[in-house]
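# Report on the structure
The chain contents come next:
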Amino acid sequence: CYNQNIHEDYEKNVSGGCKISIFNIINLFGGLALFLYGMTVMSTNLEKLSGSRLEKTLESFTNKTWKGVLLGLVVTGIIQSSSATTVIVVGLVNSGVMRLRQAIGVIMGANIGTTVTAQILRLGDISSDNFFVQIFKPSSLSPIVAVIGLILIILPKSSKKRSFGQILLGFAILFTGMMAMEAAVAPLKDSKMFADLFATLSNPILGVLAGAAVTAIIQSSSASVGILQALSTTGRITYSSAFPIIMGQNIGTCITAILASIGTNKNAKRAAMVHLYFNIIGTVVFLIGIYSIQSLIGFSFWNSVIDRGGIANFHTIFNIVMTVLFFPFTSLLEKLANMTIRSKKDDLDIPDEIILDD
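Residues numbered from 1 in each chain as written. Predicted model: local features only at pLDDT ≥ 70, side-chain atom pairs only at ≥ 80, totals over all residues. Heavy atoms only, no water.

### Structural notes on the overall build of the protein
How we decide: Every helix listed is a DSSP run of H or I at least four residues long, and every strand listed is a run of E at least two residues long, numbered separately from the N terminus. The rule is simple: take the accessible area with a 1.4 Å probe, protein chains only, and divide by the maximum for that residue type; under 20% is buried, over 50% is exposed, in between is partly exposed. In this description, contact between two residues means that some pair of their heavy atoms is separated by no more than 4.5 Å. Note on areas: Shrake-Rupley with a 1.4 Å probe; residue coverage comes only from the protein chains shown.
Looking only at helices and strands, the protein has 17 helices and two strands in total. Out of the 358 residues in the protein, the part that is buried amounts to 49%. Across the protein, every contact between residues at least 6 apart in sequence was considered, and the portion connecting residues at least 24 apart equals 78%. Approximately 17,000 Å² of the protein is accessible, and the part contributed by carbon and sulfur atoms is 66%.

### A closer look at the pattern of salt bridges
For side chains of opposite charge, pairing can occur when their charged atoms come near one another. Our working rule: Salt bridge, as used here: a side-chain nitrogen of Lys or Arg that lies within 4 Å of a carboxyl oxygen of Asp or Glu.
Counting across every chain of the model gives one salt bridge. Among the ionic pairs, Glu-334 bridges to Arg-101, the shortest N-O distance being 2.6 Å. Placement of Glu-334 in helix 17 (residues 330–340) and of Arg-101 in helix 5 (residues 100–113) is noted, with a sequence separation of 233 residues between them. Residue classification places Arg-101 among the partly exposed residues on the basis of a relative accessible area of 42%.

### Topic: the confidence of the model for the protein
Parts of the model with low pLDDT should not have their predicted coordinates read in detail. Defined as follows: Per residue, pLDDT captures the predictor's confidence, and it can take any value from 0 to 100.
Taken as a whole, the protein shows an average pLDDT of 78; of its residues, 75% reach a score of 70 or greater. Counting interchain partners and residues more than four positions distant, the pLDDT-below-50 stretch residues 1–17 has 41 contacts. Note on residues 348–358: pLDDT is under 50 here. Beyond four places in sequence and across chains, it has 14 contacts.

### Quick word on helix 11 (residues 204–218)
What counts is decided by this rule: Multiply 1.5 Å by the residue count of a helix minus one, and that product is the helix's expected span. The directions considered for the arc run from the helix axis to the C-beta atoms. Whenever two N or O atoms come within 3.5 Å, that pair is a polar contact, provided that in protein one can donate a hydrogen and the other can accept it, and provided that, for residues adjacent in sequence, both atoms are side-chain atoms.
A rise of 1.5 Å per residue sets the reference length of helix 11, with its 15 residues, at 21 Å; its end C-alpha atoms lie 21 Å apart and thus fit the reference within 8%. Residues of helix 11 that are buried include every one of Gly-207, Val-208, Gly-211, Ala-212, Thr-215 and Ile-218, and no others. Seen from one end, helix 11 has its buried residues packed into an arc of 145°, which puts them on one side. Within helix 11, the exposed residues directed more than 90 degrees away from the buried face are Ile-205, Leu-209 and Ile-217. Between the side-chain oxygen at the start of helix 11 and the backbone nitrogen of Ile-205 there is a gap of 3.0 Å, and the oxygen is on Asn-203. Taken from the residues just after helix 11, Gln-219 is the one with a positive phi, measuring 55°.

### Brief notes about the packing of helix 15 (residues 266–296) against helix 17
As a reminder, the rule being used: For helices, the fitted line uses only the C-alpha atoms of the stretch in contact; every axis is such a line through C-alpha atoms, and the angle between N-to-C directions lies from 0 to 180 degrees. An angle below 35 degrees is read as roughly parallel, one above 145 as roughly antiparallel, one from 65 to 115 as roughly perpendicular, and any other as oblique. With the far helix as reference, a near helix turned anticlockwise by less than a right angle produces a left-handed crossing, and one turned clockwise produces a right-handed crossing. Amino acid classes used here: Ala, Val, Leu, Ile, Met, Phe, Trp, Tyr, Cys and Pro are nonpolar; Asp, Glu, Lys and Arg are charged; the rest, including Gly, are polar.
One can describe the packing of helix 15 onto helix 17 by two numbers: an axis separation of 9 Å at closest approach and a directional angle of 120°. It follows from the interaxial angle that helix 15 and helix 17 lie oblique. Like other packed secondary-structure pairs, helix 15 and helix 17 cross with a definite hand, here right-handed. Along the contact surface, helix 15 presents Arg-270, Met-273, Val-274, Tyr-277, Phe-278 and Ile-281, while helix 17 presents Leu-333, Leu-336, Ala-337, Asn-338 and Thr-340. Of the residues contributing to the contact of helix 15 with helix 17, the split by class is eight nonpolar, two polar and one charged.

### Here's the deal with the nonpolar core
In plain terms, the rule: Here, nonpolar core refers to any group of buried Ala, Val, Leu, Ile, Met, Phe, Trp, Tyr and Cys residues whose side-chain atoms link them within 4.5 Å.
In terms of nonpolar packing, the biggest core is built from 69 residues, with Phe-243, Met-247 and Phe-314 touching the most fellow members. With eleven residues, the top contributor of residues to this core is helix 15. Excluding its chain neighbours within four sequence positions, the residues that come into contact with Phe-243 are Ile-290, Phe-301, Trp-302, Ile-306 and Phe-314.

### So, the side chain of Thr-330
Position of Thr-330 among the secondary structure elements: in helix 17. Residues within four places of Thr-330 in sequence aside, it is in contact with Thr-65, Ile-104 and Met-108.

### Considerations on the packing of aromatic side chains
As a reminder of what qualifies: Within 6.5 Å between ring centres, the rings of Phe, Tyr and Trp (the latter by its six-membered ring) count as paired, and their orientation is classed by plane angle as stacked under 30 degrees, edge-to-face over 60, tilted in between.
What the rule picks out here adds up to twelve aromatic pairs. With 5.1 Å between their ring centres and 65° between their planes, Phe-278 and Phe-326 make a pair best called edge-to-face. Of this pair, Phe-278 sits in helix 15 while Phe-326 sits in helix 16 (residues 308–326), placing them 48 residues apart in sequence. Of the two residues, Phe-278 and Phe-326, neither departs from the other in class, the shared state being buried.

### Section: the environment of Ser-83
For Ser-83, the location among the structural elements is in helix 4 (residues 82–94). Residues Ser-83 and Thr-114, 31 residues apart in the sequence, show an inter-C-alpha distance of 8.8 Å. Excluding anything up to four places from it in sequence, Ser-83 contacts Gln-219, Thr-253 and Thr-256.

### Points about helix 17
Along helix 17, the positions that sit buried rather than exposed are Thr-330, Leu-333, Glu-334 and Ala-337. The buried residues of helix 17 occupy one face: seen down the axis, they fall within an arc of 100°. Those residues of helix 17 that are exposed and aimed more than 90 degrees away from the buried face are Lys-335 and Met-339.

Listed below in structure tokens is the structure:
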């Protein structure tokens, strides 16, 4: 077992015969800190490179819902943060630049775009002796990218090149954090307690609540999914326990937009509520659909162990299917948000109907 000979006074026996030390826990949180910091560095510098163009693009290309979805997908896929996209959207709605209905499409697209991070992290599951395949594994790619990033930060005088170097360094830090988390949870492979815990989370309600709570605390669905992918390397997480957690993670990420809407006008608050309703209703629909199929027909993989690729794929499929299902009902989401955040006669909010397109 990993780290079993270090500081035995601090070690605790875990059912299943594996020993895990306090240093594993420290390494886990240290890896999470690196993961979040790397993601923040990447996101901040990508936004810096785009400058004011990011907001102008969001303003200009949302006159059609499908354009908004595509734009939200592309922007979030690039900056790898649906939270950043939704916060910008809330700000634009608050300023009256964007209508609530325009914001709905961007929010839907942001949900799809945020799945890019999980798809990148699945590269860790690549297994081949081919040199070109091995070079793209995170363990090989991270140090190469870090060196290139550092050179771009130190040598060029151009601020754009330095920002690009910081993006590469953030990418390397993110993967280093991911590998640190995987190493920290390695002892859990033989833990019966850990297996029993995730068997309990096969209960869909508990799984959704756990996923939502963790994501709300760290305010990043990408990071939360990354943690789940790290845990999947233990071989103890099944499809049945992972599915509800992933759905809950989509709900938990709504906390950022909700916090950003505090002190804003009614329409901005409604934009944040649209994000929340979209994920809650989508989760309920998906849960009913998946568990109905499982009870009537059954999935052959239901109790099989899930890997990083499986988590990334379900995360992507879930958000794409939700967007396709809700696409014809954007007006209903808008009405639901309006019913929740009602206007008063003395409110100074500009009604959605009178905000004119450029």
